[in-house]
Amino acid sequence: MFSIDLADDAQLFPLEVWHAEEFLAHMDRGREFIGEHIVLADIVTDVDSARGFLSSYAQKTAADGGRLYGIRVGGTLVGGVLFRIFEADAGNCEVGCWLEPAAAGRGLVTKACRILIDWAFRERGMHRAEWHASAANRKSLAVAERLGMRREAVLRENYPHRGVRQDTEIWAVLAHEWPPAPSA
C-alpha cells in the first residue's frame, strides 16, 4: 500500500473496496456538510452502499475510466479526491473532491488535486482537466481557482439536488497551461 504525504499528519492513498466500513464511518461523520452540495452523502448510507460505491470506482480504475483516493489526517479518513471521469483516448478528465468539516481550511484538497492533475498531464498525457461544482459551493470553486483553472461555463439549473435545481459551474485547465515541473 502506498500513500503520499500532503502534510505532516495527512496522506493521500488509494481508496479501495476493503475500506467500506471506514468510508461509511467517514460519511456518517460528515454527511450533513458533504451532502450540502454533492450527492455522495445520499448514496453512501450503509456498508453495502459504501462497498458498492467503492466497487464502482474499482471497476472504473480497472477500465481506466476513473480513480478514487482518500485523504487521512492523523490516521482517520476525512475526505477524498477522484477522477470522476477519465477519458484517456480523448485526453479529458474531471477531478472532484469532498471533505469533512474538521479537515477543511488546510489546503489538503488543493494539494491532493494538484497531485492528481499533475499525474494526469505528465504521466498520462491528458489534455484537459475539468472541475464541476455547484455555483453555491464557494469553497469548491475556490479550489478550482487555486488550481489555476478558468471558469468556462455556468449550466443554469441543470442539476436537481435534494429537490432544488442547482446551477453548475464548469472550470478547466489545459495541459499547456499547467505549471511546469520544478527544476532540480
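Look a little higher up for the structure.
1. Concerning the sheet that holds strand 6 (residues 128-134)
As summarised here, the arrangement of the 8 strands in space is 1-2-3-4-5-6-8-7, forming an open sheet in which the pairing is mixed. The outermost strands of the open sheet, each flanked by one partner alone, are strand 1 (4-7) and strand 7 (150-161). The sheet shows a mean angle of 25° between the axes of neighbouring strands, taken without regard to direction. In terms of strand pairing, strand 3 (residues 67-73) meets strand 4 (residues 76-87) through 7 bridges, oriented antiparallel. When the bridges of strand 4 are listed, glycine 70 appears paired with glycine 80. Contacts from helix 1 (residues 20-35) reach strand 3, strand 4, strand 5 (92-99) and strand 7 within the one sheet, and its direction differs from that of strand 4 by about 80°. Sheet contacts for helix 3 (residues 47-62): strand 3 and strand 4; angle to strand 3, the most-contacted strand, approximately 125°.

2. Looking at helix 3
End to end, helix 3 covers 22 Å across 16 residues, agreeing with the expected 22 Å (1.5 Å per residue, within 8%). When helix 3 is considered as a whole, its buried residues turn out to be Ser49, Ala50, Phe53, Leu54 and Tyr57. The buried residues of helix 3 occupy an angular sector of 135° when the element is viewed end-on, so they sit on one face. What points out from helix 3, more than 90 degrees from its buried face, is the exposed set Asp48, Gln59 and Ala62. Considering only its buried residues, helix 3 is in contact with helix 1, helix 2 (40-43), strand 3 and strand 4. For helix 3, the side-chain oxygen to backbone nitrogen distance between the N-cap and aspartate 48 is 3.3 Å, and the N-cap itself is aspartate 46. Remark: aspartate 64 follows helix 3 within two positions and exhibits a positive phi of approximately 60°.

What counts, and where the lines are drawn
Residues numbered from 1 in each chain as written. Predicted model: local features only at pLDDT ≥ 70, side-chain atom pairs only at ≥ 80, totals over all residues. Heavy atoms only, no water. Pairing = 2+ DSSP bridges. Helix = DSSP H or I, 4+ residues; strand = E, 2+ residues; numbered from the N terminus. Axes fitted to C-alpha atoms, helices over the stretch in contact; angles between N-to-C directions. Contact = heavy atoms within 4.5 Å. Expected span 1.5 Å × (residues − 1). Buried < 20%, exposed > 50% of the residue type's maximum accessible area, 1.4 Å probe, protein only. Arc of directions from axis to C-beta. Polar contact = N/O pair within 3.5 Å; in protein donor to acceptor, adjacent residues only side chain to side chain.

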